[in-house]
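# Understanding the architecture of this molecule
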Amino acid sequence: MHDFSYFRNNLDAIAERLATRGLTLDLTQFRDLDSRRRSALTETESLRAQRNSESMEISKLKKAGADTAGQQAKVRGIGDSISQLEEQVKLLDEEFRSLMAGIPNLPHESVPVGKSAEDNVEVRRHGTAPVFDFAPKAHWDLGPELGILDFERAAKVTGARFAVYWGVGARLERALINFMLDVHTREHGYTEVLPPFLINSASMYGTGQLPKFAADSFKCENFDFWLAPTAEVPVTNLFRDETLDAEKLPICLCAYTPCFRSEAGSYGKDVRGIIRQHQFQKVELVKFTRPEQSFDELEKLTADAEDILKRLGLAFRTIVLCTGDMGFASAKTYDIEVWLPGQNDFREISSCSHFEAFQARRAGIRCKSGKKTDPAHTLNGSGLAVGRTWVAIVENYQQKDGSVVVPEVLRPYLNAERITPQAELK
């Protein structure tokens, strides 16, 4: 959510900045609401002055022993008119805020201006892509051949865009979750939380999923519950409507959750494999910071996510998203893309975003320093998307004989050095 007063008083400047996101902001409704609001406020002030004048006259008449019943009735009428105008201002403000809730965040000045993903800017690259003396396979072929990934039975149980992991495939997913949580909590300074996976509409609104992106999520019938699209939502809302001690910030949390997304509007994209699923697992990093420290914390959070890939020996690049490719609530976003040899391309594995005060205003998350209270700043990023990390390991560490070497850091978790074809299921 934007600052109400700043938005109302800087409509042209905001429209100009939003234009860099490819959004043409129609200011007509906002200006009409603001004009009606100002008119109501002016009339209210005039009536208050009139009421004060009449009240002073009544006081004089009473001292003179005159009958003031008529004047008192008139003052009550003025009071009723003032109450009606105040209610009108309240309704106009609510309508203004409702319109404002659908307006995305303003890009930070450091974000490159662009129209699409083609205008994103690479900021660094790490590692070297493996070279094979055979044609590397994609995970959607290699996984089923190893007997660790099953799409057909998942489709039978649920439908398209779901997967079943068998045996060591399931253990690899679990090993990655534990490895990521251990690194982030033991070495990167995050506190682990296990939040609810069902969340209410107020939480979805707080982080910006509602009202604009309801179609992207799954809602439970007959309940005000949504399946969490990412741990960002329940974890950020842990402090909804709370005031944090600025001296104790940043608060750094990490959480594993399954994530559920309808993928509305993505039909035809990534239909093969497990890159884009309705259900997937993720380890999320969330930070609550003071405004002045928040951009330093974004760099640290991004580095923490990159560190997981470095330890796994996976080649990746980090890009900063341009204004036209950013998410709704973000002021600045880094995407980390891992190299997938089976697809001969880099694919997103983490998105690390800074929301400034946008989410905090919506969720009522404040920080207090002395007598001063301001909205906190919130940040989050995947640390990492577990399924996509699973894909990266299987594709990058595949061998000519069809087996997959387990990265050294995962061997204590998996109790195995190599993934070989599993016994056929009976």
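First, a word on what this report is: a plain description of the structure on this page. Here the structure is a predicted model, which means the values were calculated and not measured. (Residues numbered from 1 in each chain as written. Predicted model: local features only at pLDDT ≥ 70, side-chain atom pairs only at ≥ 80, totals over all residues. Heavy atoms only, no water.)

## Things to note about the packing of aromatic side chains
Counted by the stated rule, this structure contains 12 aromatic pairs. Between Phe4 and Phe96, the ring centres sit 5.4 Å apart and the planes meet at 80°, which makes this aromatic pair edge-to-face. With a gap of 92 residues between them, Phe4 in helix H1 (residues 4-9) and Phe96 in helix H4 (residues 69-100) connect regions that are remote in the sequence. Phe96 shares its class with Phe4; the two are buried. With a centroid separation of 5.3 Å and an interplanar angle of 80°, the aromatic rings of Tyr165 and Trp390 are classed as edge-to-face. Linking Tyr165 in strand E3 (residues 164-165) with Trp390 in helix H12 (residues 386-396), this pair joins segments that are 225 residues apart in sequence. Judged by its relative accessible area of 0%, Trp390 is buried. (Phe/Tyr/Trp six-rings, centres within 6.5 Å; stacked < 30°, edge-to-face > 60°. Helix = DSSP H or I, 4+ residues; strand = E, 2+ residues; numbered from the N terminus. Buried < 20%, exposed > 50% of the residue type's maximum accessible area, 1.4 Å probe, protein only.)

## What about a nonpolar patch on the surface?
On the surface, Leu198, Phe223 and Phe225 cluster together into a nonpolar patch covering about 280 Å² of accessible area. By the element assignment, Phe223 lies in the loop between helix H8 (201-207) and strand E6 (226-227). (Patch = residues over 30% accessible without salt bridge, like charges linked within 9 Å, V, L, I, M, F, W, Y side chains within 5 Å. Areas by Shrake-Rupley, 256 points an atom, 1.4 Å probe, with all protein chains shown as cover. Salt bridge = Lys/Arg side-chain N within 4 Å of Asp/Glu carboxyl O.)

## Some words on the sheet that holds strand E4 (residues 191-192)
The eight strands are arranged E1-E10-E11-E12-E15-E9-E8-E4 in an open sheet whose pairing can be described as mixed. The outermost strands of the open sheet, each flanked by one partner alone, are strand E1 (121-126) and E4. Strand direction decides the pairing type here: strand E10 (residues 316-320) and strand E11 (residues 332-340), joined by five bridges, are antiparallel. Counted as the bridge partner of Val320 is Tyr334 from E11. (Pairing = 2+ DSSP bridges.)

## Considerations on the packing of helix H3 (residues 28-63) against H4
Between two packed helices, what matters for the description is the angle formed by their axes and the separation of those axes. Where H3 meets H4, the axes come as close as 9 Å, and the angle between the chain directions of the two elements is 160°. Accordingly, the angle class assigned to the pair H3 and H4 is roughly antiparallel. Crossing geometry of H3 relative to H4 is assigned as left-handed. Classifying every residue of the contact of H3 with H4 by side-chain character gives 16 nonpolar, nine polar and 11 charged. (Axes fitted to C-alpha atoms, helices over the stretch in contact; angles between N-to-C directions. Parallel < 35°, antiparallel > 145°, perpendicular 65-115°, else oblique. Left-handed = near helix turned anticlockwise from the far one by under 90°. Nonpolar A, V, L, I, M, F, W, Y, C, P; charged D, E, K, R; others polar.)

## Quick word on the state of the cysteines
A full pass over the atoms with the stated rule returns zero disulfides. With no disulfide of its own, Cys322 lies closest to Cys352 among cysteine sulfurs, the gap being 17 Å. By relative accessible area, which is 0% here, Cys322 ends up buried. Looking at Cys352, it has no disulfide partner, and the nearest cysteine sulfur is the one in Cys252, 13 Å off. Given the relative accessible area of 0%, Cys352 is considered buried. (Disulfide = S-S within 2.5 Å.)

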